[in-house]
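# Observations on the three-dimensional arrangement
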Amino acid sequence: MIVSNRLPVVARVVDGTVGLSDAGGGLATGLRPYHERSGGLWIGWPGDVSKMTPEQRHDLDEQLRQRAIVPVALSRDHIERFYNGFANRVLWPLFHYLIDRVPVDAAGWDAYSQANQAFADAAAQEYRTGDTIWIHDYQLMLVPAMLRERLPHARIGFFLHIPFPSSEVYRILPWRRQILKGLLGADLLGFHTFAYLRHFVASLLHVEGVEPDIDRVRIADRDVHLGVFPMGVDASRFAALAEDPEVEARVRDIRRDAAGRQIVLGIDRLDYTKGIPRRLHAIERLLTGAPERRDQLRFIQVAVPSRGEVDSYQRFKRHVEESVGRINGTCGTLSSSPVHYIHQSVSQTELVALYRAADAMLVTPLRDGMNLVAKEFVASRVDDDGVLILSEFAGAAAELDGAVTVNPYDVDAVVESIERALSMSPQEKQARMKTLRQRVCDHDVDAWANGFLERLAATREDRSSSGLTRPEPCLVTVLTDARRTRRIRLLLDYDGTLVPIARSPNLAAPDHEVLALLTDLASSPGVEVDLVSGRSRSTLSAWFEHLPVSLWAEHGFWHRPASRRLWRASADVAPTWIARVRPIFEHFAASTPGSEVEIKSASIAWHFRRAQRDFGARQAHELRMLLGDALSNQPLEVIEGRKVIEVRLRGVSKALVAHRIQAEAPPGCFVMAIGDDRTDEDLFRALPASSATVVVGSRPSCARFRVRDYRHVRRLLRTLVTSTHPLTTNGSAALLDGSLTCPDLGSVDDA
Ligand code: GDG
């Protein structure tokens, strides 16, 4: 099921009869084939039907039903305030970095929420178990959460067709939190480019203090997956059209009419984001700078009428028309006007004929989510000719190697790029176009839709059904078997695993219960205990020296076996780098109240547990970025733990411990590792698949098992020492209150 504001068809009343025609625009053209193939529904607004008679409305509904389209009726008032108002007057300019165009009295939020609710209601009503719901674009960013509330188990994807702006810009939006919350109702959020995904992640951090993983963010008990899916075009259809005899005849007409002049082409919705005034300015500068060009060049600009109800679009239209008039007035000759301006939609045949007739295509938006015109031009150039001049700020620029890229704000650079394109050698043009065509044909609109939907399907498999295809034994069963028959080696993280995360690292000293537990475990026959922590040697010695447990400090850099008093380092320490990094850490500690620096022998850490939540997360993000740049050439790595950023020697990780233990452990020894921190993932990954790896808490993890918190860890471990055959029926029962789950099954352990 597709849910989008606009539909793939437009309703028109001609001589009293309602008819449907295909809608233009990227979204409609891109999704139409998928909709027709999938047999699913498309839910959207059919346009303003307020002037239709009841019979015409009935007739329209019937025609839509035959096309598997469900209309969402919006009142005139809603259209004005939700669509023209909030979506197009506030969100559109802001997401395109044109902040000055956001009205001072930005209004329409209520109407936006109500309209989103109407779309969510319509989708929920049509939903059948097993359906996939795919929501589109900035007009409907609240629908994912609204649907999630009504359909907690539905598979919901959302794709944003416009840029997601830098968090510095996004944060301007007064409704920034509500919109993020709305989006996070989806299982998968798709963007055209990595930059947009990064901006979204940074906004989550800045606005909500939420720290996403690389490709997902955990919200309560759900993962919201994040992905990059650059939208493509129906390349084979454009190629076929380009060779259609009717199109070829039109190409000849257009060229004949140009009478030997080189053709530069622009095709856009008449929208202020598309960069038309600066483009015209570049043409004017080119023609005034080189008057001989006036009879050698024709600039054709198709400007498709768009959002005419919005006042800023009306003013913009007048501005563009004035510029065209001025250029033709000052640069025209007796035999021609250099700018051919067409303010209307053209047919597909005409569109492709123009693509094929052009010597250079000017796609110079100030910002554009993707820009499909650029890709359609390439798909139509079956002759491998023509040059694409493309704005750096179009999403397409991240993919289209072979284009001449340009900063659309730099008018001189646009002039140069046009001159370069028009004088480019045929060999260079051909080589560039071949590269472009390869990309556009390989990544067409089908690949885009399939890529998104496959990923969406996979996100739900993660959650619901992988247990059926890859059954995992449950933790209690595994432990019971191991305890009966084998020696056990326990690798235990400390903070967050055996004790709760304290407000300050110094306040996390072990309590009596945990000390007794570790003593009992270590004295149980056949059990050996290793504490594997990021803490310093001195802290671990002070807390645990008297216990018969093996200690690993600084993520395994230092080791002190249970039987010895001496610490050994696993690599040579060259601590000079710490002195260089230290000022950066101290700067952040000074500017972030409640945070502190910890200096160890082979690493340095900045803890921000006590910092104000959002501010701490934001500062951590800044520090991580800064260190990433500053240390990129050093044998060091930046790691992020729970409320801590740490720099350490590359290669020193808890994986070292895993390797040492595997080398030492007697054959058949059963290894169980428990940890809550990202640094424990190194350990989990380095252990053999036969080990029991257990993550504490809800963080995404590669561990086989999951327990809720340190209290459940203690109960699990206590069960191992209760008797010589500890996991008796009683022992198992103690674990059966929902505290132990197998992550892939997501269910209560049923040992
Ligand atoms: C949004 C994002 C993103 C244009 N003139 C005519 C015509 N068109 C068709 C083109 C193309 C579509 O309209 C325009 O698509 P764009 O991608 O260039 O721009 P937006 O409408 O702003 O689309 C954009 C897109 O969503 C998809 O995600 O790329 O960044 O802003 O398909 O062919 N079609 C016909 N006559 C015209 O005169 N027949």
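Structure first, text after, so check above.
Residues numbered from 1 in each chain as written. Predicted model: local features only at pLDDT ≥ 70, side-chain atom pairs only at ≥ 80, totals over all residues. Heavy atoms only, no water.

Moving on to helix 2 (residues 54-66). Each full turn of the α-helix corresponds to 3.6 residues, which orients residues three or four apart in the same direction. Taking 1.5 Å per residue, 13 residues should reach 18 Å; helix 2 reaches 19 Å between its end C-alpha atoms and fits that length. Listed in full, the buried residues belonging to helix 2 are Gln56, Leu60 and Leu64. End-on, the buried residues of helix 2 take up no more than an arc of 75°, which puts them together on one face. Facing away from the buried side of helix 2 by more than 90 degrees, the exposed set consists of Pro54, Glu55, His58, Arg65 and Gln66. Check the buried side of helix 2 and you find it contacts strand 2 (9-14), strand 3 (17-22) and strand 5 (69-71). A positive phi of about 60° marks alanine 68, the residue just after helix 2. (Helix = DSSP H or I, 4+ residues; strand = E, 2+ residues; numbered from the N terminus. Expected span 1.5 Å × (residues − 1). Buried < 20%, exposed > 50% of the residue type's maximum accessible area, 1.4 Å probe, protein only. Arc of directions from axis to C-beta. Contact = heavy atoms within 4.5 Å.)

Take the side chain of glutamate 376 next. Position of glutamate 376 relative to the elements: it lies in helix 14 (residues 372-380). One buried charged residue, glutamate 376, remains without a salt bridge, the closest side chain of opposite sign being arginine 237 at 6.5 Å. Among residues more than four places away in sequence, those in contact with glutamate 376 are Val233, Phe238, Leu351 and Tyr355. (Lys, Arg positive; Asp, Glu negative; His and termini not counted. Salt bridge = Lys/Arg side-chain N within 4 Å of Asp/Glu carboxyl O.)

With parallel pairing, 6 strands are arranged side by side in an open sheet as 13-12-11-14-15-16. Only two strands of the sheet have a single neighbouring strand rather than two, namely strand 13 (339-342) and strand 16 (404-406). If you compare each strand with its neighbour and ignore which way they point, the axes differ by 20° on average. Relative to strand 16, strand 15 (residues 387-391) is paired through 3 bridges, and the arrangement is parallel. Bridge pairing in strand 16 links isoleucine 389 to valine 404. Seen against the sheet, helix 15 (residues 411-422) touches strand 11 (262-269), strand 12 (297-304), strand 14 (360-363), strand 15 and strand 16 and runs at an angle of roughly 170° to strand 16. (Pairing = 2+ DSSP bridges. Axes fitted to C-alpha atoms, helices over the stretch in contact; angles between N-to-C directions.)

The element strand 26 (residues 670-675) is extensively covered by neighbouring structure, given that 6 of its 6 residues are classed as buried. Residues of strand 26 alternate between two faces, with Phe670, Met672 and Ile674 on one and Val671, Ala673 and Gly675 on the opposite face, all of them buried. In this structure, strand 17 (residues 488-492) lies alongside strand 26, joined through 5 bridges in parallel fashion. In the strand pairing of strand 26, leucine 490 is matched with methionine 672. As paired elements, strand 26 and strand 27 (residues 692-696) share 4 bridges and run parallel to each other. By the bridge assignment, alanine 673 is partnered in strand 27 with threonine 693. This β-α-β element, strand 26 to helix 25 (residues 680-686) to strand 27, shows right-handed connectivity. (Right-handed = clockwise from strand over helix to strand, strands pointing away.)

Below, the discussion takes up the site of the ligand. Surrounding the ligand, one finds 23 residues, the nearest of these being His161, Val346, Asp368, Leu372 and Glu376. Here an oxygen atom of the ligand and a backbone polar atom of leucine 372 are 2.8 Å apart. In the environment of the ligand, an oxygen atom lies 2.5 Å from a nitrogen or oxygen atom belonging to the side chain of glutamate 376. Bound to the protein, the ligand loses 92% of the 730 Å² it would expose on its own. If you list the elements that add at least two residues to the shell around the ligand, you get helix 1 (26-38), strand 11, helix 13 (348-357) and helix 14. Per-class residue counts for the shell around the ligand are 10 nonpolar, 9 polar and 4 charged. (Near = heavy atom within 4 Å. Polar contact = N/O pair within 3.5 Å; in protein donor to acceptor, adjacent residues only side chain to side chain. Areas by Shrake-Rupley, 256 points an atom, 1.4 Å probe, with all protein chains shown as cover. Nonpolar A, V, L, I, M, F, W, Y, C, P; charged D, E, K, R; others polar.)

Read from one edge to the other, the open sheet built from 8 strands follows the order 5-4-1-6-7-8-10-9, with strand pairing classed as mixed. Strand pairing shows two members of the sheet lacking a second neighbour, strand 5 and strand 9 (216-219), which therefore form its edges. Shown here is a sheet whose adjacent strand axes are inclined to one another by a mean of 20°, direction ignored. Two elements, strand 8 (residues 188-191) and strand 10 (residues 222-228), share 4 bridges in a ladder whose sense is parallel. Looking at the pairing, glycine 190 lines up with glycine 227 of strand 10. Taken strand by strand, helix 1 contacts strand 1 (2-6), strand 4 (42-45), strand 5 and strand 6 (132-136), and its axis lies near 150° from that of strand 4. Seen against the sheet, helix 8 (residues 194-208) touches strand 8, strand 9 and strand 10 and runs at an angle of roughly 145° to strand 10.

Taken as a whole and judged by the stated rule, the model has 59 salt bridges. A salt bridge links arginine 285 to aspartate 412; the nearest nitrogen and oxygen atoms lie 2.6 Å apart. In this pair, arginine 285 sits in helix 11 (residues 276-289) while aspartate 412 sits in helix 15, placing the two residues 127 residues apart along the sequence. Classification of arginine 285 as partly exposed rests on a relative accessible area of 36%. In this structure aspartate 412 comes out as partly exposed when scored by relative accessible area, which is 41%.

Running from amino to carboxyl end, helix 10 (residues 245-258) crosses helix 13 at an angle of 55°, the nearest separation of the two axes being 8 Å. Taken together, the axis directions place helix 10 and helix 13 in an arrangement best described as oblique. Two packed elements cross with a definite hand, and for helix 10 against helix 13 that hand is right-handed. Counting all contacts with helix 10, which are made through Glu246, Val247, Glu248, Arg250, Val251, Ile254 and Arg255, the residues of helix 13 involved are Thr349, Glu350, Val352, Ala353, Leu354, Arg356 and Ala357. For the contact of helix 10 with helix 13, the residue count by class is 7 nonpolar, 1 polar and 6 charged. (Parallel < 35°, antiparallel > 145°, perpendicular 65-115°, else oblique. Left-handed = near helix turned anticlockwise from the far one by under 90°.)

Enumeration according to the criterion identifies 0 disulfides in this entry. Residue cysteine 669 stays outside any disulfide, its sulfur separated by 20 Å from that of cysteine 702, the closest cysteine. (Disulfide = S-S within 2.5 Å.)

For the rest of this paragraph, the subject is the packing of helix 11 against helix 12 (residues 311-331). The geometry of helix 11 relative to helix 12 is characterised by a closest axis approach of 10 Å and an angle of 10° between their N-to-C directions. Considered as vectors, helix 11 and helix 12 are oriented roughly parallel to each other. Listed contacts from helix 12 to Ile276, Pro277, Leu280, Glu284, Leu287 and Thr288 of helix 11 are Phe316, His319, Val320, Ser323, Val324, Arg326, Ile327, Thr330 and Cys331.

Below, the discussion takes up the packing of aromatic side chains. Under the definition given, this model contains 32 aromatic pairs. Seen in terms of ring centroids, phenylalanine 82 and tyrosine 112 are 5.9 Å apart; in terms of plane orientation they differ by 45°. Their pairing is tilted. In this pair, phenylalanine 82 is assigned in helix 3 (residues 76-95) and tyrosine 112 in helix 4 (residues 109-126), connecting sequence segments 30 residues apart. For the pair formed by phenylalanine 82 and tyrosine 112, the shared burial category is buried. Ring geometry for tryptophan 606 versus phenylalanine 608: centroids 4.9 Å apart, planes at 20°, classification stacked. For phenylalanine 608, a relative accessible area of 3% gives the class buried. An aromatic cluster of three or more residues is present, and its members are Trp45, Phe82, Tyr83, Phe86, Trp109, Tyr112, Phe119 and Trp175. Between the NZ or CZ atom of arginine 101 and the centre of the ring of tyrosine 272, over which it lies, the distance is 4.0 Å. Above the plane of the ring of phenylalanine 238 lies arginine 237, whose end atom (NZ or CZ) is 5.2 Å from the centre. (Phe/Tyr/Trp six-rings, centres within 6.5 Å; stacked < 30°, edge-to-face > 60°. Lys NZ or Arg CZ within 6 Å of the ring centre and 35° of its normal.)

Glancing now at the environment of threonine 719. As for its placement among the helices and strands, threonine 719 is situated in helix 26 (residues 710-721). On a C-alpha basis, the gap between threonine 719 and leucine 265 in space is 75 Å, while along the polypeptide they are 454 residues apart. Looking at threonine 719, its side chain comes within polar contact range of the main-chain oxygen of arginine 715, at 2.5 Å.

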